[in-house]
Amino acid sequence: MAKIDLFKKVKIDVKGQLFDAGELYTHAHDWLEWRKFDIVEKKYATKTTAKGKDVSVSWSCTRDVDEYSQFEIGVDWQFNGMNDVKMQHEGKDITLQSGNVVIMITAVYVSDYNDKWEESRTHKFMKSFFERYLYVGQKDRLMGELWGIGWDLYNEMKAYLNLYQA
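Residues numbered from 1 in each chain as written. Predicted model: local features only at pLDDT ≥ 70, side-chain atom pairs only at ≥ 80, totals over all residues. Heavy atoms only, no water.

Draft legend 1. Representation of a nonpolar patch on the surface within the structure. The grouping of Phe125, Met126, Phe129, Tyr133 and Leu134 at the surface amounts to a nonpolar patch, some 590 Å² of accessible area in total. Along the chain, Leu134 falls in helix H2 (residues 121-134). In this structure Leu134 comes out as exposed when scored by relative accessible area, which is 59%. (Patch = residues over 30% accessible without salt bridge, like charges linked within 9 Å, V, L, I, M, F, W, Y side chains within 5 Å. Areas by Shrake-Rupley, 256 points an atom, 1.4 Å probe, with all protein chains shown as cover. Salt bridge = Lys/Arg side-chain N within 4 Å of Asp/Glu carboxyl O. Helix = DSSP H or I, 4+ residues; strand = E, 2+ residues; numbered from the N terminus. Buried < 20%, exposed > 50% of the residue type's maximum accessible area, 1.4 Å probe, protein only.)

Dropping the structure here:
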């Protein structure tokens, strides 16, 4: 298995802004599911402090592209000093959150994710030949596709947070 980081911990940092944490979380989840990623929540931790609630969430999102390649997107969320704020919008009472949001996104291309080509010396030789001469164009195309998906997620989350700016 070989992993290639296309970008690592690209950060969205929003301080002291109103947002809807539940909708943000749901929107990101739906966005990734729509692109056929399997999402595993590896970590969810909350802590109440004097400034508000701190929430830390970590997602590992994978999509098997073919029998050889896999896309991995990591999303790490940090909500710090989060407090509920009641407001009226279009005559309805709504609850938003205020605080700081940090979202870090990582995109990783994984080849031979099942280690099928690592079983023997012959397989390893065939793997190097396959990657060097037969799969190189496909690999470049897939890495470009993943790079685009990662930046699309970044822009989507940033735009979604900007919806709540005054």
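Draft legend 2. Up close: the nonpolar core. Core analysis: the largest hydrophobic core is formed by 38 residues, its most contacted members being Leu24, Leu32, Ile73, Trp77, Phe79 and Ile103. Those elements that provide at least two residues to this core are strand S1 (2-19), helix H1 (21-34), strand S3 (52-64), strand S4 (69-89), strand S5 (92-111) and helix H3 (136-162). With residues up to four places along the chain from it excluded, the contact list for Leu32 reads Phe37, Ile39, Trp59, Cys61, Ile73, Val75 and Leu153. (Core = buried A, V, L, I, M, F, W, Y, C linked by side-chain atoms within 4.5 Å. Contact = heavy atoms within 4.5 Å.)

Draft legend 3. Region of interest: the sheet that holds S1. In space, the five strands of this open sheet follow the order S1-S5-S4-S3-S2, with antiparallel pairing throughout. Only two strands of the sheet have a single partner each, and these edge strands are S1 and strand S2 (38-49). Geometrically, the sheet is characterised by an average inter-axis angle of 15 degrees between neighbouring strands, direction not taken into account. Relative to S5, S4 is paired through 19 bridges, and the arrangement is antiparallel. Directly across from Val85, in S5, lies its bridge partner Leu96. The sheet strands contacting H1 are S1, S2, S3, S4 and S5, and the helix crosses S4 at an angle near 155 degrees. The strands that H3 touches are S1, S3, S4 and S5; relative to S1, the one it contacts most, it runs at about 5 degrees. (Pairing = 2+ DSSP bridges. Axes fitted to C-alpha atoms, helices over the stretch in contact; angles between N-to-C directions.)

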